[in-house]
Structures are given as C-alpha cells and as structure tokens.
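Listed below, chain by chain, are the residues.
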Amino acid sequence: MELSTLLHDLHLSPSSEKPLPSASLPPITELLSRMQEKLIGVSSESERISLIGHLECLFQTADPHWLFCPASTNQDDGWVELRVSYGSLVSALIGCAALPLCEDDCGSLPAAAYQSVPSRAAPVCSALTALLGTLGNGAGHTGLLMTVGPPVCVFAVTHFQDQVWTSSSSRAAAKSLQEALLRAGGWRDSAHLLMGDGSQEKRGILGGILDILQPQLTKDSWQRCEAVKLVFAWTLLQVTLPSLSPHLPRLLPPSLLLNDHHRPENCMLGVRCLHHIVLNTPAADLRQFNTAEVLYQALFKHLYTTEAAVIQAVLPCVLDLLLVLETPPSSLSPSSSRRKPGHHDDVLRLVLTHMEAEHKVVLRRVYASALPPYIDRMGVAICRHLRRVERVVLGYLEVRDPPEETSRLKILEVLQKTIRAAWPRMQCRVDVLLRCLLKLLLDVCSDSQLTDPVRQKLTGQTVLCIGLLDGCLDGGLQSLLQQVDSSCCSSEMLRCLATVTMTTDR
C-alpha cells in the first residue's frame, strides 16, 4: 500500500474528535518506517512541513491501541520492533530541525546559518507533543516512553534556550514539548525526569540522554555543534546527590574539556559544571582514583588568568574542592601538631600575590569579594600569611572604588576576620593599620560623591576595625584616639571615633 493511499484511508483531520478505527490497517511499524524514509529523503521544505503535519494528525486522531500495539505475535519481539520504529521516526523528525555543524572544531557559525532552524523546529515540536500526549494517556507504555524520552528531551532543551537558533515561537513550542514529556511520564520536574525516584515505574532518562550526547562530546567533535555543550550543562546541573556519583565517569570528562577551553564563556561553563560535581558528589568518590587532585590541578591554573568572570567562578569552586582534599586549617585543635603548609596555603598565597599587583578595578572587586571566605577557612593559620594580608589591606583601602565601594568594604571585612583570628599577632601591626584606617575615615567623611548608605557602611566597618585593634592592645588606643587634632578632621569623623568603646570583642 502506497503511503498516500494509506494516509487517505486514515482520513487524517485535526478536527476529528474520535480515534479512527484500526481494523484492516497495516501494522503501525510499517507506516512509521515509510514516514521515516519520506522525512529523510524529502527535498522540498513545504513537503517536509506537510509530512510533519500528517504525523501530528496521525498521533492526534488514530486509535491509540493501533498506534502502540506490537504487530508481532511474539510480544517481546513486537515491543522491541515497536520501540525501534518509534525511536527511528523520532530521530528522523528531530533531524528535520537539526542545527548546522561547523566545518572545523575551532570556529563558530554566523547567526545567518541558523535562520531557517526556528521555522523547522516549531512543527517538529508540535508533532512530538501530539505523540507524547497520546502516549501519556495510555498505560503500559513505559518502555516506549523511555525510548523516545531521551532524544525528545535533548531536542526540547536545545530549542527552549535563548540562542541564535531559536525564536520566541520555537522556544514556546519547545517548552510545551518539555512539559508534555513530563506529563507523559508523570515526572514532577526536570530533575525528576532525569533522576527518577529509584523505582522501576519512575525511572529517569539520564542514562539515555548521556548515550545521545557522549559521542558528540569528544575532544574532536564537541565544538562542531553549538548546542551540545549547553544541553550537557543543563543536564548535569539538574542532577544532584545521590544520582550524580554513578554517572561521574561520563559527566567528568566533558566538564574538563569545557574547563580547559581557551574561550572564557566555555571555560566558565566548564567551571560551573565542575563546581556542581564537587558539591553533589561524596568526598570519598572524588578522592577515588585521585579525581579530586585532577580537579584541583585543572582549576588551579585558572588562578593565573586575567579574566575577571573566570576568576569569579573559579575561586568559590576551589574553596569547596579544598574541603575534599584536606582538613580545613580552621578546624584543627590547639593540641594538634604543627600544621604543614597545604593546598589552602598555596591558593591563598597565590591569590594575595595577584591582589597586590592587580590594578584593574573589576578584578580587584572580584578578588576582594572572594577573600573573606578564605580567611574564615584558614582560621588562626592565617598567621602564616599576615604580611601579604597586611599589604593587600593597605593597598586596597587607599584606592577609591565608586560608587558602591565594594573593594574597600570587602577588605574591611577581611581585616576584621584577620584581627579576630590572629589577634595575638596584631600588636606589632597596629600602628600602620591604625594610620591607614584613620586616613580612610578622613577620606570617607570628606567625600561628597559617596551616597549616605555607602558612607555609613564604610564608617561603621572602619570604626569596628579600630575597635578590634583597640581590643588587641587591651584598650591602649583610647589615649591615642583622644589626641586626634579636631582641627584636621570633620565633626562626623570625631563622632565616629567617639563610638570606639573601652571593651572590644576579640
């Protein structure tokens, strides 16, 4: 029977409300095979759209029993044949809206190359949504859903992102397709779709998605399609404990590939993936096969970059990874033996060294914002780095950072944490630090460009630092502060100094 005759006999119509009878119809696998051949071999765009429309009508109006019933008398073989047929048809449908590939592995296509993709993606989404709608209304189709679910999910994620190959209409269609997939399988959300809940009835499709993505995520091929890295990152970021660990061997290599790339946007995506892996994989699994050390070396080299966005992503990631590699210095008891320098010291030493020489405002803000958690992590072990910390504090407090004064505020926080952790060592540094803080207070009180909220924050944090230094000297700064020449400073500064109390919390 010719395809045109078969479609005519089915009386396909979007307005039909009742399923069409399946009596005397050929097996669905025969029709699916012919439709697949037509979709692959069609040369005209209008003919392709027409074929996709016929498929959509078929899924909406045909008898579900005929659509999803094995043709073979052998049930096992019949279900395998049915799954293969639907899997092949879905792949052919998705291929109608496939993204063009780059000729090489180091370039990217212009936006014009994707011009026709959105108009192709929207009808494909509609046809697949119709299939999932009918599939979800029946029972016992779990195996079939697990076959078509992974490629449908990859396609939907590719096209619901705001990228050059999507439009508002194609993104809306892709989101509707993703929602139809969730409804068909009874999954709560995307994370549940990928991970399942551990039962046979509600399995996840993460393994199937990785089967599709993995051949495209090799060192030689991952850059040929712009969407692959985005789909991979979206998939990985949905997976949490304890589902991530079993798939770690398949998730880690692509993340490292992205992390090692020279383009900052790819590098940041890789760092984000690695950070997610660190947060959602048990420490014991990361230590196995020296994986944590591999991650450390891959991330540590980024500390030499001058890309502010990369540094901003790397520093929190490294901080969390250090917890896997070694015991936090701040958690060591006083009775412990002398601690040897470790990874924490290496990272902090390099960060402080770069901070001293950094002149770019954006990078100074990034470093200053990331430093307080490192000081907390070091605890009393910060004593090893006091000279560098002092130079950084003095250098950053001298330079304005309008309008929010982020660098100064964060460095004042660093100074407070350092004084509290290493107060017995601060006495010899009080003179130079106090001179810097008083100069800062004078500058802030006389700076007319600062907004009142920012000025209040700066003065409050500065006074707190002076109070902590006073505590290190058991109130020894009181007499010095009272000798401040009132003719050289404003009344506002004098009021701030008056708030320094006799007793200070160490």
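Residues numbered from 1 in each chain as written. Predicted model: local features only at pLDDT ≥ 70, side-chain atom pairs only at ≥ 80, totals over all residues. Heavy atoms only, no water.

Caption draft 1: Geometry of the overall build of the protein. The number of helices and strands found in the protein is 24 helices and zero strands. Relative to its full complement of 506 residues, the protein shows a buried share of 49%. Across the protein, every contact between residues at least 6 apart in sequence was considered, and the portion connecting residues at least 24 apart equals 71%. For the protein, the accessible area works out to roughly 23,500 Å², and carbon and sulfur atoms hold 53% of it. (Helix = DSSP H or I, 4+ residues; strand = E, 2+ residues; numbered from the N terminus. Buried < 20%, exposed > 50% of the residue type's maximum accessible area, 1.4 Å probe, protein only. Contact = heavy atoms within 4.5 Å. Areas by Shrake-Rupley, 256 points an atom, 1.4 Å probe, with all protein chains shown as cover.)

Caption draft 2: Layout of the environment of Leu332. Summarising the element assignment, Leu332 is placed in the loop between α16 (308–325) and α17 (343–357). Along the sequence, Leu332 and Met378 sit 46 residues apart, while their C-alpha atoms lie 9.9 Å from each other. Filtering out sequence-adjacent residues up to four positions away, Leu332 remains in contact with Thr327 and Arg339.

Caption draft 3: Just the confidence of the model for the protein, in detail. Residues with a pLDDT of 70 or more make up 90% of the protein, whose mean pLDDT is 88. When the criterion is pLDDT under 50, residues 11–16 qualifies, and its contacts beyond four places in sequence or with other chains add up to 11 contacts. Overall, residues 501–506 carries pLDDT values under 50, and its contacts beyond four positions in sequence, including any with other chains, amount to 14 contacts. (pLDDT = per-residue confidence, 0-100.)

Caption draft 4: Quick peek at the packing of aromatic side chains. Taken as a whole and assessed by the stated rule, the structure comprises five aromatic pairs. Geometrically, the ring pair formed by Phe160 and Trp234 is edge-to-face, given 6.1 Å between the ring centres and 70° between the ring planes. Of this pair, Phe160 sits in the loop between α7 (142–159) and α8 (168–185) while Trp234 sits in helix α11 (residues 226–238), placing them 74 residues apart in sequence. For Phe160, a relative accessible area of 17% gives the class buried. (Phe/Tyr/Trp six-rings, centres within 6.5 Å; stacked < 30°, edge-to-face > 60°.)

Caption draft 5: Fine view of unusual backbone geometry. Along the chain, Leu241 connects to Pro242 via a cis peptide bond; the corresponding omega equals -5°. Examined against the element boundaries, Pro242 turns out to sit in the loop between α11 and α12 (248–259). Following Pro402, the chain continues into Pro403 via a peptide bond in cis, with omega recorded as 0°. Counting through the fold element by element, Pro403 comes out in the loop between α19 (386–397) and α20 (406–421). Of note in the backbone geometry, Phe289 takes a positive phi value of approximately 60° without being a glycine. What makes Phe289 exposed here is its relative accessible area of 73%. One non-glycine residue, Asn290, adopts positive backbone phi at about 65°. Inspection of the secondary structure assignment puts Asn290 in the loop between α14 (283–287) and α15 (291–300).

Caption draft 6: Inspection of the pattern of salt bridges at higher detail. Across all of its chains, the model carries 19 salt bridges by this definition. Its salt-bridge partner being Lys229, residue Glu226 comes within 3.8 Å of it at the nearest N-O pair. In this pair, Glu226 and Lys229 are both assigned in helix α11, three residues apart and thus about one turn of the helix distant. For the salt bridge of Glu265 with Arg263, the shortest nitrogen-to-oxygen distance reads 2.8 Å. According to the relative accessible area criterion, Arg263 is partly exposed, its value standing at 22%. Each of Asp376, Lys410, Glu413 and Lys417 takes part in salt bridges that share partners, so that together they form one network. (Salt bridge = Lys/Arg side-chain N within 4 Å of Asp/Glu carboxyl O.)

Caption draft 7: The arrangement of helix α3 (residues 45–61) in detail. Over its 17 residues, α3 runs 24 Å from end to end, which matches the ideal 24 Å to within 8%, given 1.5 Å per residue. Three or more residues of α3 are buried, namely Arg48, Leu51, Ile52, Leu55, Cys57, Leu58, Phe59 and Thr61. (Expected span 1.5 Å × (residues − 1).)

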